[in-house]
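Commentary on secondary and tertiary structure
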Amino acid sequence: MYPEHLVAPMRADIVEGGFKELKSASEVDSVMTEKGTTLVFINSVCGCSARTARPGVKEAVWNSAKKPDHLFTVFAGVDQDATAKVREYSLPYAPSSPSIALFKDGDLVHFVERHHIEGRSAEMIAAHLEMVFEEFC
């Protein structure tokens with residue numbers, strides 16, 4: 001587990017983008033019963049999360065005409081129970097962080113794995129997510 005003083009700015013970055021933190025498995029279970037589209041960002045301390053994933057997911061939400069109804073985040077390596085629960089909902093995809101999951105009425109409809117984030121710019125991630133939002137939101 002990472003110390004809170006290390007992850008606090010990384011938490012704040014995505015929360016300031018309109019995402020609500022989920023810190024327990026029960027919180028994850030609760031939001032997965034909500035109707036509509038739910039975007040979950042699995043946050044991470046890695047460089048690709050800071051350089052491209054967090055900026056890209058925030059840009060997509062800001063710029064897209066169609067947006068998910070609900071925005072949530074869990075922090076891998078910190079909020080372990082919440083992250084494990086999101087990963088259960090994200091099966092059959094392997095654990096990956098950072099990653100981005102879109103659910104519709106509780107069902108996984110799109111997943112962006114770490115290897116689709118690494119080496120891509122925030123703008124590329126945002127453009128991809130905007131197309132996903134157009135299709136599913």
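Keep in mind that this is a model prediction, so the values were computed, not measured.

**Overview of the sheet that holds strand 1 (residues 20-21)**
Pairing within the open sheet is mixed, and its five strands lie in the order 1-3-2-4-5. Of all the strands in the sheet, the pair left with one neighbour each is strand 1 and strand 5 (107-112). The sheet contact formed by strand 4 (residues 99-104) and strand 5 spans five bridges and is antiparallel. Pairing of Lys-104 across the sheet is with Asp-107, part of strand 5.

**Quick look at the pairing of strand 2 (residues 37-43)**
Put simply, side chains in a regular strand alternate between the two faces of the sheet. Most of strand 2 is tucked away: seven of the seven residues are buried. Burial of the side chains of strand 2 extends over both faces: Thr-37, Leu-39, Phe-41 and Asn-43 are buried on one face and Thr-38, Val-40 and Ile-42 on the other. As defined by bridge partners, strand 2 adjoins strand 4 across six bridges and the pair is classed as antiparallel. The residue of strand 4 that forms the bridge with Phe-41 is Ile-100.

**Brief notes about the nonpolar core**
Taken as a class, soluble globular proteins show a tendency for nonpolar side chains to be buried jointly. Formed by 19 residues in total, the largest nonpolar core has its most connected members in Phe-19, Leu-39, Phe-41, Val-57, Ile-100 and Leu-129. Where this core is concerned, the elements lending two or more residues are strand 2, helix 3 (47-63), strand 4 and helix 6 (122-136). The greatest single-element share of this core, amounting to six residues, is contributed by helix 6. If near-sequence neighbours (up to four positions away) are discounted, Leu-129 is found in contact with Gly-56, Val-57, Ala-60, Ile-100 and Val-112. Grouped together as the second largest cluster of nonpolar side chains are 14 residues, Leu-22, Val-31, Ile-42 and Phe-103 included.

Criteria and thresholds
Residues numbered from 1 in each chain as written. Predicted model: local features only at pLDDT ≥ 70, side-chain atom pairs only at ≥ 80, totals over all residues. Heavy atoms only, no water. Pairing = 2+ DSSP bridges. Helix = DSSP H or I, 4+ residues; strand = E, 2+ residues; numbered from the N terminus. Buried < 20%, exposed > 50% of the residue type's maximum accessible area, 1.4 Å probe, protein only. Core = buried A, V, L, I, M, F, W, Y, C linked by side-chain atoms within 4.5 Å. Contact = heavy atoms within 4.5 Å.

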